[in-house]
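Structure assessment
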Amino acid sequence: MGEKINKFVIKLPTLEEIEQMKMDAYERAKQNKVNMSYWLPFIEDLGFNIPETIIIPLDRERFNWLRSDSYSSVAINEFTEFLKSEIQKHNFDTNRKLFIKSGIFSNKFNFRTCKVDDIDRIGKQFLELYYASMIFGADNTAELVVREFIESEESKGKIYEGMPLNTEFRVFYDFDNFEVMGIFNYWDTEVMFNHLSGKDLLVFKEKYKEIEEDYEKSKELVLEEVSTKLKYCKLKGKWSIDFMKAYDKLYLIDMALAEQSYYYNKLLKVSENNVNS
């Protein structure tokens, strides 16, 4: 007797089901709590230094286009003109260097995509940035963020295709209990030694001690600023908050849910060790 063959039937979604999936993805993207449009209103009036920022929501058609592979030059030019027109509505100065990101992803590890020197390239650069976010598996978002580019000292060198190595801090904060959970050097030496290579690693090896010294010298100021200003914040949950130091001025530059943020696992291990010791 011959062997029994199991048959598997693959049912493909209908066009209506595909359209519904696209609609659901768009709605989830708009409601993502990590979107800057969600958390920025909670903290923008608390006295922190925050780069001048505008947020451009994307309609479903443009959201779907960004997630497609129909990137013709005509479509990119149309997208660029749309972005420029939206920016003009906010009287936002584009005659300067700009920094762009999606609502949740900056791709700053390829800095040439997020630093805009020519406004006529903003559409193409944002497309490259958004495409990278899909490759890395970042959450969906339906907004574009345009910010002033914060100039800083360049004495520490640059990595990631032109990103200045500013001293940066990642603070974990429990908004429910108004409590600092921990603080980390964003450019942790051990982490960077393990992840960088080539020219970037050579630059970092030359400057890491300077970054460490600046971090240690400034972290208490960061913690004081957080503890003082966030006690009036109505945001809920545990979040990471990123600060950047430029010319002795601290800027709050980004936030994310704690459990989605790098160093959170390290924070949990430190907390567990403290409890068991």
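Please read these numbers as outputs of a predicted model, since none were measured by experiment.

1. Regarding the sheet that holds strand β3 (residues 115-116)
- The antiparallel open sheet is built from 4 strands, whose spatial order is β1-β4-β2-β3. Both edges of this open sheet fall to β1 (53-57) and β3, since each of them pairs with a single strand only.
- Relative to β3, strand β2 (residues 98-102) runs antiparallel, the two being bridged by 2 bridges. Opposite leucine 98, over in β3, you have valine 116 as the bridge partner.
- Strands β2, β3 and β4 (143-148) of the sheet are contacted by helix α5 (residues 122-135), whose axis makes an angle of about 40° with β2.

2. Quick notes on unusual backbone geometry
- Of note, tyrosine 160 is a non-glycine position whose phi angle comes to about 50°, a positive value.
- The backbone phi angle of tyrosine 263 is positive, close to 85°, even though this residue is not glycine.
- In this fold, tyrosine 263 is placed in the loop between β10 (249-257) and α8 (264-276).
- Note on tyrosine 263: relative accessible area 7%, which makes it buried.

3. With respect to helix α4 (residues 73-89)
- Along its 17 residues, α4 runs 25 Å from first to last C-alpha, staying within 8% of the 24 Å computed at 1.5 Å per residue.
- The set of residues buried in α4 consists of Ala75, Ile76, Phe79, Thr80, Phe82, Leu83, Lys84, Glu86 and Ile87.
- Its buried side turned inward, α4 meets β1, α3 (60-66), α5 and β4.
- Asparagine 91 sits one or two positions beyond α4 and adopts a positive phi of about 50°.

4. A few points about the pattern of salt bridges
- According to the stated counting rule, one finds 21 salt bridges in the structure shown.
- A salt bridge links lysine 97 to glutamate 151; the nearest nitrogen and oxygen atoms lie 3.6 Å apart. Of this pair, lysine 97 sits in the loop between α4 and β2 while glutamate 151 sits in the loop between β4 and β5 (158-159), placing them 54 residues apart in sequence.
- What makes lysine 97 partly exposed here is its relative accessible area of 34%.

5. Re the sheet that holds strand β9 (residues 238-246)
- The 4 strands lie next to each other as β8-β7-β9-β10, forming an open sheet whose pairing is antiparallel. Only two strands of the sheet have a single partner each, and these edge strands are β8 (179-185) and β10. Here the average twist between neighbouring strands, direction ignored, is 25°.
- Where strand β7 (residues 168-174) and β9 come together, 7 bridges link them in antiparallel fashion. Counted as the bridge partner of tyrosine 173 is tryptophan 239 from β9.
- On top of the sheet, helix α2 (residues 36-43) reaches β9 and β10; it is set at about 135° to β10, its chief contact.
- Strand contacts of helix α7 (residues 198-229): β7, β8, β9 and β10, with the helix running at about 160° to β8, the strand carrying the most contacts.

Reading the values: rules and limits
- Residues numbered from 1 in each chain as written.
- Predicted model: local features only at pLDDT ≥ 70, side-chain atom pairs only at ≥ 80, totals over all residues.
- Heavy atoms only, no water.
- Pairing = 2+ DSSP bridges.
- Helix = DSSP H or I, 4+ residues; strand = E, 2+ residues; numbered from the N terminus.
- Contact = heavy atoms within 4.5 Å.
- Axes fitted to C-alpha atoms, helices over the stretch in contact; angles between N-to-C directions.
- Buried < 20%, exposed > 50% of the residue type's maximum accessible area, 1.4 Å probe, protein only.
- Expected span 1.5 Å × (residues − 1).
- Salt bridge = Lys/Arg side-chain N within 4 Å of Asp/Glu carboxyl O.

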